Amino acid sequence: MRSLDRLRQSYDEDSQVVVQDRQSPPRMIFSDPEILLEEHPVGTRVVFPNPPIEPLVNWRAAIRWAINHPEGCDPLHAKLRPGMKVLVAMDDISLPLPPMRTPDVRQIMLEIVLNLLADSGVDDVHLIVANALHRRMTPPEMRRMVGDKIFEAYYPDRYTNHDAEEPGGIVELGETDVHEKVRISRKATEADLVIYLNVNFVPMDGGHKSVGTGLTDYLGLRAHHTPHAIRESKSYMEPRHSALHGSVNRIGRIIDEHVDVFHIETCLNNQMFDGPLGFLGKREEDFTDFDRTALAGLRWTLSKTPRSLRQQIFHRVPAGYGLIAVAAGKTEPAHEKILEACRKQCFVRVKGQSDILICGIPYISPYNVNAILNPLLVQVMACGYFFNMNRGIPLVKKGGTLILTHPCMDEFDPVQHPSYIEFFHRLLPETTDAMELHRKYEREFAQNASYVHLYRKGNAYHGAHPFYMWYWGENGRAHLGQIIAVGTENQHVPKLLGWERADTLAEAIDMARGRQGRSAQMTLMHHPPMVMTEVAVSAEEEARLLGEGEPHPRGGAARKPGFAAQGEP
């Protein structure tokens, strides 16, 4: 029987928060594609994702209604005229994760938009993937995203990846009032109308970030993809506490002054697992005998399967995500409606911070679809994403301990991540200081002719991209007092990242308690599927933890001098 304190603690928090007792089952934790079953100490809080919100019944009707009843502007059909030039831009393969079951929501939006364009006599239409400095999508990936009919009608001449290094392909529209350069694709500036198709998976997606980030180049990203901006972003997942979003919003507003942009934003639920793998989305308390047998069978199969094949198995299992909201029209009002739906799906209310946070690092991130999760991306998932999966206040206290489970293989995909290999093995042994890396080496990698060629003609991330991955973990590294990697297959990867290592979770917990005290509060983030926290503290404590003044009235953190003007390399 639970004590009165444990019952009170459970009652004070969201129903998705469970406190471990002696009768609690072991918990599933991902470690790359492996699934661990681990016991946790009594009193550990377990934060489960919210159940998937019921998807809309008729996706096509919802999309049509949104474009006919847009936010802040005329309906899409009223903007169309025969002979005009239209650019349709869309998010790349980095979301949702993993790729959703076909038809992808982008295909459904495209079919509706392209039919409307054709009915209006608009035949000068170009489709572009807004991949910024991400890798180009492959033809099969592009086909899967839009369907056979659209792919065959538009690829390769009118369905392309954005090329941030194309000579003459970028136009500079000016600067913001804090000297951030506003640079976007010439195709967007020459179009009479840009229609952006967005898939909002987490609260940092969408809005002004779509065009201003997805269709820019290295010089455009220097406004906010810097250690300066990351350090000033108290919460990546809450735009009003993010200097990065403040910069993106300032840039986006200038883009909207020069380019007619019509957004169609969607929000998906978190139905990552269903069908035969549906048990992975359940609480262990709710397992049936069939679920337990299925889990045992899956773990046995994975243990007998070579690593490369295990990764392929998971990469090839699509998710059953459902559409829960759609809005269209002007950038900001449409985005705000989608943010409301996204927050309802993502955030779980938790009372107070923890001393120790436990996270399993899965096999996938936004930057390794169809590739291995290399050490730099393990760092991004741990210090960049899972540490920051909150709405303002971190789940773990300042100086707290993060325990992660991952083998930390020293392996890289040479096709997708060639610049990562040099960054990890040449630069990090010299320095892990983000500002020194930014000043001393970023431009060298960004202008490296080989990396530019592999980005433009192959399927490689841009030479500057590994720097962004290191910067992304900056706040996690600065906030945490200890990071312990469990089950690493070597010592040099965690050592290079500044982490300690342990062979088992029990050993890691003992190490963490040795630093944080035997009575340390411990929390397990039970993901995937996606889960984020809204940490409840007193108003005084919130002001202290956020450490900032009033939010800037036009969005983002309180305005400071532009990062682009602070001695960039």
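Preceding block: the structure.
Notes on the structure follow. Keep in mind that this is a model prediction, so the values were computed, not measured.

## Thoughts on the sheet that holds strand β10 (residues 193-200)
Backbone-to-backbone hydrogen bonds pair the strands of a sheet. The strands run either parallel or antiparallel.
Reasoning step 1: Sheet architecture is open: 6 strands sit in the order β7-β6-β5-β10-β11-β12, paired in mixed fashion. The outermost strands of the open sheet, each flanked by one partner alone, are β7 (159-161) and β12 (323-329). In this sheet, neighbouring strand axes are inclined to one another by 20° on average, regardless of whether the strands run parallel or antiparallel.
Reasoning step 2: Bridging between strand β11 (residues 261-268) and β12 involves 6 bridges; their strand directions are antiparallel. Following the sheet pairing, C267 is matched in β12 by A325.
Reasoning step 3: Those strands touched by helix α5 (residues 139-146) are β5 (85-90), β6 (124-129) and β7, and its axis lies near 125° from that of β7.

## Structural notes on the nonpolar core
Reasoning step 1: Core analysis: the biggest nonpolar cluster contains 146 residues, and V88, L117, L127, Y159, I195, I264 and W499 have the highest contact counts within it.
Reasoning step 2: If we skip the residues at most four places from it in the chain, I264 touches I67, M109, V113, I195, Y196, L197, N198, V326, A327 and A328.
Reasoning step 3: Counting 20 residues, the second largest nonpolar core, distinct from the first, contains A223, I251, I255 and V261.

## A few points about the state of the cysteines
Reasoning step 1: This structure, assessed with the given rule, holds 0 disulfides.
Reasoning step 2: In this structure C267 is not part of a disulfide, and its nearest cysteine sulfur, from C342, lies 4.5 Å away.
Reasoning step 3: The thiol sulfur of C383 is not disulfide-bonded, and the nearest other cysteine sulfur, from C359, lies at 10 Å.

## Remarks on the packing of aromatic side chains
Reasoning step 1: Applying the stated rule across the entire model yields 20 aromatic pairs.
Reasoning step 2: With centroids separated by 6.5 Å and ring planes inclined at 5°, the aromatic side chains of F30 and F273 adopt a geometry described as stacked. Here the residue F30 occupies a position in strand β2 (residues 27-31), and F273 occupies one in the loop between β11 and α12 (289-303), the gap between them amounting to 243 residues. Comparing F30 with F273, the two get one shared label, buried.
Reasoning step 3: A ring pair is formed by F151 and Y155, whose centres lie 4.5 Å apart and whose planes are at 15°; its orientation type is stacked.
Reasoning step 4: Overall, Y155 belongs to the partly exposed group, its relative accessible area being 30%.
Reasoning step 5: Grouping aromatic residues by their ring pairs yields a cluster made of Y236, Y367, Y385, Y420, Y461 and W472.

What counts, and where the lines are drawn
Residues numbered from 1 in each chain as written. Predicted model: local features only at pLDDT ≥ 70, side-chain atom pairs only at ≥ 80, totals over all residues. Heavy atoms only, no water. Pairing = 2+ DSSP bridges. Helix = DSSP H or I, 4+ residues; strand = E, 2+ residues; numbered from the N terminus. Axes fitted to C-alpha atoms, helices over the stretch in contact; angles between N-to-C directions. Contact = heavy atoms within 4.5 Å. Core = buried A, V, L, I, M, F, W, Y, C linked by side-chain atoms within 4.5 Å. Buried < 20%, exposed > 50% of the residue type's maximum accessible area, 1.4 Å probe, protein only. Disulfide = S-S within 2.5 Å. Phe/Tyr/Trp six-rings, centres within 6.5 Å; stacked < 30°, edge-to-face > 60°.

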